[in-house]
Amino acid sequence: MSRLIGREEGVRRRGPALDVVVVGGGMVGAATALALGRAGFATALVESREPAPWQSEHEVDLRVVGLAASSIHLLDELGVWPAIRDARACPYERMHVWDAASGAAIDFDAGREGLAALGYIVENALVQSTLWQALDGTGVQRVCPAEVAGFESRDDRVDVALADGRTLAARLLVAADGAGSPLRTMAGIDTRGRDYAQRGVVAHVATERPHEHTAWQRFLPGGPLALLPLADGRSSIVWSLPEDEAARVLALDEAAFCDELGVAIDFRLGRITGSSARAAFPLRLQLAERYEAARFVLLGDAAHAVHPLAGQGVNLGLRDVAELRETLVDARNAGRDIAAPHVLRRYARRRRSADTLDALGFDALGRIYGWQSAPLVVARALGVRLIDRFAPLKQRLADHAAGR
């Protein structure tokens, strides 16, 4: 059972009882708490409900993530990657991306780079559950179920008020509470971006031919469609569609859905022979105007929400985690206050710059593939073919996606 912190314990000691309070127990929040706990920071993780334990007999989670090399490196450092990999993770060794309008394609191959895999497709629920269970024995205090009602930053600490009347005192408050982040609103941090007026339709499908451990992505006029390999031999789809089209596709019976999906992916793996239940989620670009305030930082979706076309959302969040850990460890080693303004600005400057470039790059890519006039399609095809043939630039793109 998690040890709960009472008001008296939080304020009785000289100075804050904790170094860091992390709010949000999803993948990025749990990874933050684990990373800081293993780095020796007194850490509490606040979450509204404990995630259900992942079990191999459960149906594969509809939400999956493509973990890049940088994410796998962090998870390995945290001691959880072997358990995730051996439970139900599927390596993808190749990636094939092509344009429905012109047929121009670009290919990435792990073998050509001397790698075993470009990345792994893993269920969100598996990663979250493994991270959560790894908190046992780290000293991280799980405050769950609990919700934050407000917080107040002071000279030497931040007081975090919980809805049940308890208060946690810490040097730093980390908001990893999702794209709709209540804590970001409490901190008075605005966001900018745009609604894509699209939904991402997700499902797991069986195909006539094997997925070949390849991630397939086709850019269609209405948005990109990705088929990602799963460990059980099926493929996970993420199909970006205008909202009315998404509603129509969700309402199709299984046979009609499989037929339409097969046409959309150009029968790359033969016929679609079966589908799981389907779901959809709204797509939008959202960037926080700043990542820090007094004794407060944002990371993960609370800081940035991006289009799934490049599959980088969680990877960006885990890079935030690695940067924050490094920043806090450096400050502690130098004898500084880990939540001093200049310390938090260092983290915010580095990650906001990188996240913004990536988010706007994904947005621009989506806009470019949305062009359908003949001259622009021809120009786009020429650019794609040049990139595919120019090895240094292609390698640089692969390295950036991997976080190298």
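Note that the structure is predicted; figures quoted are calculated from it, not measured.

Caption draft 1: Seen up close, the pattern of salt bridges. In total, this model carries 23 salt bridges according to the counting rule given. Across the pair Glu59 and Arg234 runs a salt bridge whose closest N-O atoms are separated by 2.9 Å. Of this pair, Glu59 sits in the loop between strand 2 (43–46) and strand 3 (64–67) while Arg234 sits in the loop between strand 14 (223–229) and strand 15 (235–242), and the two are 175 residues apart along the sequence. Judged by its relative accessible area of 17%, Arg234 is buried.

Caption draft 2: How the structure looks around the pairing of strand 13 (residues 214–220). Burial runs high along strand 13: 7 of the 7 residues are buried. A two-sided burial pattern is seen for strand 13, the buried positions comprising Thr214, Trp216, Arg218 and Leu220 on one face and Ala215, Gln217 and Phe219 on the other. When strand 5 (residues 94–99) meets strand 13, the two strands line up parallel, connected through 6 bridges. Bridge assignment links His96 to a residue of strand 13, and that residue is Trp216. As paired strands, strand 13 and strand 14 are joined by 5 bridges and run antiparallel to one another. In the sheet register, Leu220 faces strand 14, and the bridge partner there is Gly223. Two successive antiparallel strands, strand 13 and strand 14, enclose a turn made up of 2 residues.

Caption draft 3: Highlighting the side chain of His96. As for its position among the elements, His96 is in strand 5. Setting aside residues up to four positions removed in sequence, His96 forms contacts with Ala105, Ile106, Asp107, Thr214, Ala215, Trp216, Gln217 and Arg268.

Definitions and cut-offs
Residues numbered from 1 in each chain as written. Predicted model: local features only at pLDDT ≥ 70, side-chain atom pairs only at ≥ 80, totals over all residues. Heavy atoms only, no water. Salt bridge = Lys/Arg side-chain N within 4 Å of Asp/Glu carboxyl O. Helix = DSSP H or I, 4+ residues; strand = E, 2+ residues; numbered from the N terminus. Buried < 20%, exposed > 50% of the residue type's maximum accessible area, 1.4 Å probe, protein only. Pairing = 2+ DSSP bridges. Contact = heavy atoms within 4.5 Å.

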